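Survey of secondary and tertiary structure
Each chain, written out:
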Amino acid sequence: MLTGNVQIHSGDVYSPTRYQEHPLGAVGQAENGDLYRYIYAGATDGTDFVAGKLYVASAVIPNHQNMTVAATTAIGDTSITLDVGATALTANQYDEGMLYFNDNSPEGEWYQIKSHGTSAAGSTEVTFVLTRPMLTVATVDSSEATITKNPYRIPAISQLITEKAVGVAVRDWDLSAYEQYGWLKTRGRACVLADATGVTTGYIACISDETNGALGVFSDVDAEKPLAQFLDTGTNGEFNPVDLFID
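Note that this is a predicted model, so its numbers are computed, not measured.

For the rest of this paragraph, the subject is the overall build of the protein. A tally of helices and strands in the protein yields 0 helices and 17 strands. On C-alpha atoms alone, the protein measures out to a radius of gyration of 20 Å, which is about the 18 Å that the 2.2 N^0.38 rule sets for 247 residues. If you line up the protein on its principal axes, its C-alpha atoms span 60 × 40 × 30 Å. Counting the 247 residues in the protein, one finds 43% classified as buried. A fraction of 65% describes how many contacts in the protein between residues 6 or more apart in sequence connect residues 24 or more apart. Only carbon and sulfur atoms are counted for the fraction: they give 49% of the accessible area of the protein, which is about 11600 Å².

Structure, rendered in structure tokens:
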């Protein structure tokens with residue numbers, strides 16, 4: 001697997017592949033300077049991607065937050081076992097995701113997840129293998145941790161939610177063809193669905209609070225993150241030119 005930033009050549013962003021070639025979230029730069037993020041779109045039973053629609057990270061699972069450590073972990077250990085809450089944990093679900101210690105020592109530390117066990121219904125102990133050794137002792141039944149998926153693993157079409165925006169699909173993407181890895185655009189010119197409120201040239205855009213997969217006019221400093229600038233006073237509910245700056 002290639003690591004580091006990737007120089008994308010003409011056509012590469014439109015050519016999904018069956019096998020993983022880069023770490024999830026790797027930044028790819030096209031010859032004109034536009035930026036893309038490398039994603040895993042899902043297995044063949046996933047939802048096909050639609051060109052020009054906005055995609056976001058999956059929501060955090062409440063039962064996978066604030067989990068107690070099931071066995072004391074020593075400095076230098078590269079795995080940790082947690083008491084997982086009553087929600088299933090499937091194979092590879094959190095690969096390349098993050099484990100955060102949120103309460104009691106070593107609170108404030110975080111580690112990337114390399115791999116982990118599974119649980120059909122949760123409410124059991126699951127072991128997580130980390131990409132680097134523990135720096136501090138984690139104590140059984142005291143230390144608490146939260147896990148989150150890599151935002152670039154099976155992103156979802158935006159659904160009136162405020163999860164992290166990960167990019168815009170540059171083409172229709174049929175997952176039934178085993179083309180599961182590819183790129184979403186995050187910076188540069190794009191054509192993106194606009195919601196029903198309407199857009200105005202020069203206005204700043206954020207995740208729409210009206211239409212799934214769309215951009216809307218930025219209006220709430222506290223709740224919304226600027227993602228793009230509208231380049232045209234387009235038509236409500238149609239795809240309009242924007243300048244993306246998700247990254």
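Further remarks concern the pairing of strand β7 (residues 98-103). With 3 bridges connecting them, β7 and strand β8 (residues 110-116) associate as antiparallel partners. Residue Met98 lies in a different strand from β8, and its bridge partner there is Gln112. Joining the antiparallel neighbours β7 and β8 is a turn of 6 residues, in which Asn104 adopts a positive phi near 65 degrees. As paired elements, β7 and strand β10 (residues 144-148) share 5 bridges and run antiparallel to each other. Across the sheet, the residue bridging to Leu99 is Ile147, located in β10.

Moving on to the state of the cysteines. Enumeration according to the criterion identifies 0 disulfides in this entry. No disulfide involves Cys191; its sulfur sits 18 Å from that of Cys206, the nearest cysteine. Judged by its relative accessible area of 44%, Cys191 falls in the partly exposed class. By relative accessible area, which is 1% here, Cys206 ends up buried.

Turning to the nonpolar core, a few remarks are in order. Among the nonpolar cores identified, the biggest contains 22 residues, and Ile39, Phe49, Trp183 and Leu184 are the most heavily contacted of them. Counting residues per element, the ones that place at least two in this core are β3 (35-40) and β13 (181-193). Among the elements that line this core, the one with the most residues is β3, at 4 residues. Among all residues touching Leu184, those that are not within four sequence positions of it are Leu35, Tyr36, Arg37, Ile39, Phe49, Tyr55, Pro155, Val166, Gly167, Val168 and Ala169.

The omega torsion of the bond from Ser105 to Pro106 falls at 10 degrees, within 30 degrees of zero and hence cis. Assignment of secondary structure puts Pro106 in the loop between β7 and β8. For Ser123, which is not glycine, the phi dihedral falls at a positive 55 degrees. The residue Ser123 is located in the loop between β8 and β9 (124-130) in this model. You will see that Ile154, though not glycine, has its phi angle at about 50 degrees, which is positive.

Rules of the game
- Residues numbered from 1 in each chain as written.
- Predicted model: local features only at pLDDT ≥ 70, side-chain atom pairs only at ≥ 80, totals over all residues.
- Heavy atoms only, no water.
- Helix = DSSP H or I, 4+ residues; strand = E, 2+ residues; numbered from the N terminus.
- Rg over C-alpha atoms; globule rule 2.2 N^0.38 Å.
- Buried < 20%, exposed > 50% of the residue type's maximum accessible area, 1.4 Å probe, protein only.
- Contact = heavy atoms within 4.5 Å.
- Areas by Shrake-Rupley, 256 points an atom, 1.4 Å probe, with all protein chains shown as cover.
- Pairing = 2+ DSSP bridges.
- Disulfide = S-S within 2.5 Å.
- Core = buried A, V, L, I, M, F, W, Y, C linked by side-chain atoms within 4.5 Å.

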